[in-house]
Structures are given as structure tokens and as C-alpha cells.
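Descriptive structure summary
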Amino acid sequence: MKKKRKLIFIGLFLIVFLSAFVQASIKTNKINYDTAETVFITNTDNELCSLNPKPEKVKVYIVEHKDSWNNGDLLNDVRNSPSDVSNSKFTNLKIWENPKAGVYDVIVDCIENQRFDALEPVYNVGFNVVAKKGIGKVFLGENNPSSFNWQFDSEDPNLMNEIL
């Protein structure tokens, strides 16, 4: 009985271990971006898709983040068009300039059917894009009065002198 449990445990461990390698083959170069940055991806495997015959290029989608992907889920690229990338090892490939704010996954469509298929590489740790903080300044304008009085009456608002 102990031997059977041990074999089951080792089997589960191998499945989790190997699936982590499949999902970790493609990833972004960092997890947090702002909207003024460029998103880059890296492939750490010799090939993204091991089909027969081996395709030279494959489609990479950037899609809204999901906690889990199911076989047959539709891939809607948030950039309106997926990227063609080499089906080989690469580092820091520019994939999205000036991204929109949100949380995204990177998925490789090996079969090119615009759907997620089991064992297609997916980086669903997700990466975040946040809006870049703006900068604001206030200056005295040309119509700045040298002196004025202002009082507010909620029953009779008089907005002759607007104050920032």
C-alpha cells in the first residue's frame, strides 16, 4: 500500500513538474509594466511547438488573463492581431509597444486555429500593465487678478471668480 501511494505521489509530482516546464517556456521579461513601456517576451526552449512538420514561425497571442485555460477557449488578441515569432529559442523579442492597462496572458497557438489547445505553451502567471502616472503643473495665468474677494453661498452660487 505504501509503495502504491509513493508511486502515485511520484507520478503527480512529475506531472506538475513537467507541466511547469511546458508553461514556463515562454514568458515576458518582467511581470509589471506601465503604459509607456514595451513588452518583450523570451522563449527558453529550443522550440515553442513540436509539431510534425516543425513550423518555422508560430502565432503568439496576448489575451486577457484567465486563472485557467480550457481546451477550445477562443484566443482574442488584445492588440487585434497576433505576432508571428520564430519557433526556436529567443530572448527579448519586442511584442507590444505602448500597452493598454490590464492583466494579460501570453499564449502560443501552435495549430493556428485561434483557440487554446491542450499543451500549447501559455504564460498565465499573467503580466500587469498599469497606467503611467501623469505630471501636472499650475501657473498663474494672464488673467490673474491682483486682489479679489470670494465667498461661497450654496443657495446662490456665484462663480465669477473661479479658483483652482
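Note: the structure precedes this text.
Criteria and thresholds
- Residues numbered from 1 in each chain as written.
- Predicted model: local features only at pLDDT ≥ 70, side-chain atom pairs only at ≥ 80, totals over all residues.
- Heavy atoms only, no water.
- Phe/Tyr/Trp six-rings, centres within 6.5 Å; stacked < 30°, edge-to-face > 60°.
- Helix = DSSP H or I, 4+ residues; strand = E, 2+ residues; numbered from the N terminus.
- Buried < 20%, exposed > 50% of the residue type's maximum accessible area, 1.4 Å probe, protein only.
- Lys NZ or Arg CZ within 6 Å of the ring centre and 35° of its normal.
- Pairing = 2+ DSSP bridges.
- Axes fitted to C-alpha atoms, helices over the stretch in contact; angles between N-to-C directions.
- Disulfide = S-S within 2.5 Å.

**What about the packing of aromatic side chains?**
A full pass over the atoms with the stated rule returns four aromatic pairs. Ring centres of Trp69 and Phe116 lie 6.1 Å apart, and the angle between their planes is 45°; this geometry places the pair in the tilted category. Here the residue Trp69 occupies a position in the loop between strand 4 (57-64) and strand 5 (83-86), and Phe116 occupies one in the loop between strand 7 (102-109) and strand 8 (122-130), the gap between them amounting to 47 residues. Phe116 shares its class with Trp69; the two are buried. Ring geometry for Tyr104 versus Phe127: centroids 5.7 Å apart, planes at 40°, classification tilted. Here Tyr104, found in strand 7, pairs with Phe127, found in strand 8; they are 23 residues apart in sequence, far enough to count as distant. No difference in accessibility class separates Tyr104 from Phe127, as the two residues are buried. Three or more aromatic residues joined by ring pairs make a cluster, and in this case those are Tyr33, Trp96, Tyr104 and Phe127. Positioned above the aromatic ring of Trp69 is the side chain of Lys66, whose terminal nitrogen or guanidinium carbon lies 4.6 Å from the ring centre.

**Describing the sheet that holds strand 7**
What holds strands together in a sheet is hydrogen bonding between their backbones, with the strands either parallel or antiparallel. In spatial order, the strands read 2-8-7-4-5; together these five strands make up an open sheet with mixed pairing. A single partner strand is all that each edge strand has here, and the edge strands are strand 2 (32-34) and strand 5. The sheet shows a mean angle of 35° between the axes of neighbouring strands, direction not considered. Here six bridges tie strand 4 to strand 7, and the two strands are oriented antiparallel to one another. Counted as the bridge partner of Ile62 is Val106 from strand 7.

**A few points about the state of the cysteines**
Within this structure, the stated rule accounts for one disulfide. Two residues share a disulfide in this structure: Cys49 and Cys110, whose sulfurs sit 1.8 Å from each other. An S-S torsion of about -80° defines the bridge between Cys49 and Cys110 as left-handed. Here the residue Cys49 occupies a position in the loop between strand 3 (38-43) and strand 4, and Cys110 occupies one in the loop between strand 7 and strand 8, the gap between them amounting to 61 residues.

**A word on the pairing of strand 5**
Residues Ser83 and Val85 line the buried face of strand 5, whereas the alternating positions Asp84 and Ser86 sit on a face that is not buried. Here four bridges tie strand 4 to strand 5, and the two strands are oriented antiparallel to one another. What sits directly across from Lys57, in strand 5, is Ser86.

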